[in-house]
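Coordinate inspection notes
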Amino acid sequence: MTEKSNVQAVHDTLLTEFRRDERYILMGEDVGVRGGVFRVSDGFIEEFGKHRIIDTPVAEMQFADFSAPAFEQIVDEAARIRYRSNGAYGVPIVIRMPWGGGIRGALYHSQSVEAFYAHVPGLKVVVPSTPRDITGMLRAALRDPDPVIFLEHKATYRAVRGDAPDDPDFTIPLGPADVKREGTDITVFAYGLMLHHSLKAAEALAAEGISVDVVDVRSLRPLDAATILREARKTGKCLIVYEDNRLFGAGAEIAALIAEEAFDSLDAPVMRLGGPEVPAMPYNKPQEDWFMPDPEKIATKMRELAAY
């Protein structure tokens, strides 16, 4: 195990995989000479050459917001080729999308796009949030025969550190959720930056005698219904936290699943905490802070749920 930041886990995993399999190519805006806007591919063009590390406007989305022009190719083509070919062909592509707020990126650098793509059968959509999960899930995504949307929360790139396995064949299957904190009073489901905020809020509530179960969803398609329902039934009180607009967000699907399949085990309404219904995240810090769920807001919602 080696301690790494999230962005270092992305870099190192890509590096070992590119050394392992010469068929891999990396395409994207500034990924070559510059090494990527977040320095994820720093040094790649020197080692692997311009025929494998290709500067283009697409493929590696510099920000998830920029995926809109490629939506037709991702959704109408990549996601459906296996279905259209009766299983004969896949599209082994990983589309890395730095996403989310908290860095004062404003309108075109802060969007949450996960619900758009998780709606589409044929795509896998994953959101790992720790160096260990990034390492295992990125390697699994690269080796997957079908298209994977790999979401990397920008605000966690250097803020989050943790151990990552050095084993070059370490993988984590795409799909299973992970219980990051065991609790008995309420269960919180989160992913991305909101996972870390939820864990911090859970620590605050522990000091108040409230035991919080925190589940890292980490895969939106496929969605781990079995783990979600097990943890929901364990406490009977569920909160889903996500920074996307609350209405029609990925959390709504999780809430619907719990309401349909675990209703008899619930002791309170399923609650959601998400972003407000405004078209985009503001630039200035006070308004960005107003938009984003944070540990204090999450803790307040946890207390409300625990009081039922």
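The coordinates are above.
The structure reproduced in this document is the subject of the present report. (Residues numbered from 1 in each chain as written. Predicted model: local features only at pLDDT ≥ 70, side-chain atom pairs only at ≥ 80, totals over all residues. Heavy atoms only, no water.)

What to know about the sheet that holds strand 5 (residues 124-126)
Going by this rule: Strands qualify as paired when DSSP identifies two bridges or more between them. Only DSSP runs of H or I with at least four residues qualify as helices, and only runs of E with at least two residues qualify as strands; both kinds are numbered from the N terminus onward. Angular values range over 0 to 180 degrees, each being the angle between N-to-C directions of two axes fitted as lines to C-alpha atoms, with helices fitted over their stretch in contact.
Here four strands make up an open sheet; going across it, the order is 4-6-5-11 and the pairing mixed. At either margin of the open sheet sits one strand with a lone partner, and together these are strand 4 (94-99) and strand 11 (219-221). Taken over all neighbouring pairs, the strand axes of this sheet differ in orientation by 20 degrees on average, direction set aside. For strand 5 and strand 6 (residues 148-153), the ladder comprises three bridges, and the chain directions are parallel. Residue lysine 124 lies in a different strand from strand 6, and its bridge partner there is valine 148.

Some details on the packing of helix 1 (residues 6-20) against helix 6 (residues 131-142)
When two helices pack together, their arrangement is captured by the angle between the axes and the distance separating the axes. Going by this rule: What makes a crossing left-handed is the near helix being turned counterclockwise from the far one by less than a right angle; a clockwise turn instead makes it right-handed. The contact definition used throughout considers only heavy atoms, calling two residues in contact when any of these lie within 4.5 Å. Each residue gets one of three labels, nonpolar for Ala, Val, Leu, Ile, Met, Phe, Trp, Tyr, Cys and Pro, charged for Asp, Glu, Lys and Arg, and polar for the others, Gly among them.
Put simply, helix 1 and helix 6 touch, their axes get as near as 9 Å, and they point 35 degrees apart. Considering only the axes of helix 1 and helix 6, their crossing is right-handed. Contacts between helix 1 and helix 6 involve Asn6, Ala9, Val10, Thr13, Leu14, Thr16 and Glu17 on the former and, on the latter, Pro131, Ile134, Thr135, Leu138, Arg139 and Leu142. Each residue belonging to the contact of helix 1 with helix 6 can be placed in one class, and the counts come to seven nonpolar, four polar and two charged.

Thoughts on the nonpolar core
So the rule is basically this: The set of buried Ala, Val, Leu, Ile, Met, Phe, Trp, Tyr and Cys residues whose side-chain atoms join them within 4.5 Å is what this entry labels a nonpolar core. Only protein chains enter the accessibility calculation, which uses a 1.4 Å probe. A residue is then buried if its area is under 20% of the maximum for its type, exposed if over 50%, and partly exposed in between.
Residues Ile74, Met97, Tyr117, Ile149, Phe189 and Ile258 are the most contacted members of the largest nonpolar core, which totals 37 residues. Per-element tally for this core: the top contributor is helix 9 (residues 250-261), with five residues. In this view, isoleucine 258 contacts Phe189, Ile228, Leu229, Ala232, Cys238, Phe263, Leu266 and Val270; residues no more than four positions away in its chain are not counted.

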